[in-house]
Amino acid sequence: MSKQTIFTKIIAGDIPHHKIYEDESTFAFLDAEPVNPGHTLVVPKEPYQNIYEIPQDDFTKVMETVHRLAPKIKDGVSADGINIGINNEPAAGQEVMHLHVHIMPRFDSDSFSHWQGQDDYHDDVRGKEIAENIREEL
Ligand code: 5GP
């Protein structure tokens, strides 16, 4: 895979960044527009676009790095909690088409709000149908 992304340029050292960690297959650096101090992006060195494209083994390596870094980032900025997320496709807010995991430190005082949940499925039929449709894809 030879595609270039802004993140492959960061990995190559062609764009200034604050590196947190690197190993054979993953790379982590501070997000340029952090939601809070310490907001870190963990990426595979191969520029897989998203969760659908990345092979399971490579995704496992990315998540191993996330698992390793999350508590260190929390302690490094004295955060009260951590959000971890991946945006896949523009509809979900993905802007850089190179898979990345956001590790976002949270503070009791930051007063960010979460997504609003919609009404419960209420009737069993709707929930049953949705669950069945998803299971059929497995
Ligand atoms: P997405 O919306 O694709 O999930 O998130 C992309 C993230 O990449 C954003 O949080 C944005 O601030 C970050 N980002 C985009 N370009 C750069 C860059 O050149 N350097 C760094 N460090 N972060 C970037």
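Residues numbered from 1 in each chain as written. Predicted model: local features only at pLDDT ≥ 70, side-chain atom pairs only at ≥ 80, totals over all residues. Heavy atoms only, no water.

(A) The arrangement of unusual backbone geometry in detail. Backbone geometry places Glu 89, a non-glycine residue, at a positive phi of 80 degrees. Mapped onto the elements of the fold, Glu 89 is located in the loop between strand S4 (81-85) and strand S5 (101-106). The backbone of Ser 111 shows a phi angle near 55 degrees, a positive value even though the residue is not glycine. Tracing the backbone through its elements, the reader meets Ser 111 in the loop between S5 and helix H3 (124-137). (Helix = DSSP H or I, 4+ residues; strand = E, 2+ residues; numbered from the N terminus.)

(B) Molecular detail of the pattern of salt bridges. This model, assessed by the stated rule, comprises 3 salt bridges. Between Glu 22 and Lys 19 there is a salt bridge whose closest N-O contact spans 2.5 Å. Across the pair Glu 22 and Lys 45 runs a salt bridge whose closest N-O atoms are separated by 2.8 Å. Note that Glu 22 is positioned in strand S1 (residues 19-22) and Lys 45 in the loop between strand S3 (40-44) and helix H2 (56-76), a separation of 23 residues in sequence. A residue is classified by how much of its surface remains accessible, and Glu 22, at 35% relative accessible area, is partly exposed. (Salt bridge = Lys/Arg side-chain N within 4 Å of Asp/Glu carboxyl O. Buried < 20%, exposed > 50% of the residue type's maximum accessible area, 1.4 Å probe, protein only.)

(C) Structural detail: the site of the ligand. Near the ligand lie 16 residues; those nearest to it are Asp 31, Gly 93, Glu 95, His 100 and His 102. Here Asp 31 contributes a side-chain N or O atom positioned 2.5 Å from an oxygen atom of the ligand. Those elements that place two or more of their residues in the shell around the ligand are helix H1 (6-11) and strand S2 (26-30). If you tally residues by element for the shell around the ligand, the top one is H1, at 3 residues. (Near = heavy atom within 4 Å. Polar contact = N/O pair within 3.5 Å; in protein donor to acceptor, adjacent residues only side chain to side chain.)

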